[in-house]
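The residues making up each chain are set out below.
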Amino acid sequence: LMSAAPPERAGAASGISETSSELGGALGSALFGSLATAVYGAALDPSTVAQALKLTAAVSAVLVLAMAAAVVGLLRPAKVAA
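Remember, it's a predicted structure, so these values are computed and weren't measured experimentally. (Residues numbered from 1 in each chain as written. Predicted model: local features only at pLDDT ≥ 70, side-chain atom pairs only at ≥ 80, totals over all residues. Heavy atoms only, no water.)

## Some details on the overall build of the protein
Phase 1 of the analysis: Of the regular secondary structure elements, the protein holds two helices and zero strands.
Phase 2 of the analysis: Looking at the protein as shown, the accessible area adds up to about 6,500 Å², and 71% of this sits on carbon and sulfur atoms. (Helix = DSSP H or I, 4+ residues; strand = E, 2+ residues; numbered from the N terminus. Areas by Shrake-Rupley, 256 points an atom, 1.4 Å probe, with all protein chains shown as cover.)

## Quick word on a nonpolar patch on the surface
Phase 1 of the analysis: Together, Leu 35, Val 39 and Leu 55 line one region of the surface with nonpolar side chains, adding up to about 220 Å² of accessible area.
Phase 2 of the analysis: Turning to its location among the elements, Leu 35 is positioned in helix α1 (residues 10-40).
Phase 3 of the analysis: Since its relative accessible area comes to 34%, Leu 35 is described here as partly exposed. (Patch = residues over 30% accessible without salt bridge, like charges linked within 9 Å, V, L, I, M, F, W, Y side chains within 5 Å. Salt bridge = Lys/Arg side-chain N within 4 Å of Asp/Glu carboxyl O. Buried < 20%, exposed > 50% of the residue type's maximum accessible area, 1.4 Å probe, protein only.)

## Focus: the environment of Leu 55
Phase 1 of the analysis: Mapped onto the fold, Leu 55 is located in helix α2 (residues 46-74).
Phase 2 of the analysis: For the pair formed by Leu 55 and Leu 35, sequence separation is 20 residues and the distance between their alpha carbons is 9.6 Å.

## Topic: the side chain of Thr 56
Phase 1 of the analysis: Along the chain, the position of Thr 56 falls in helix α2.
Phase 2 of the analysis: Beyond its immediate chain neighbours, meaning those up to four positions away, Thr 56 contacts Phe 32 and Ala 36. (Contact = heavy atoms within 4.5 Å.)

Okay, here's the thing in structure tokens:
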């Protein structure tokens, strides 16, 4: 992503990239925490909380793997014809 920015705008591109990463992490944590609370919040039995955390971790792992596959698929270098 940084290689696509012109040299004179590299600082701004780096800042936007880092901000996007931090914002995505914060929103993801908030979303999955809210999901776990909404699904299991009514019954705060310790075993139920453990189930909620396992579900949240599993959903998070699936989404991370899906996004990683998308990034690898979309950011492959273009083949240059010789």
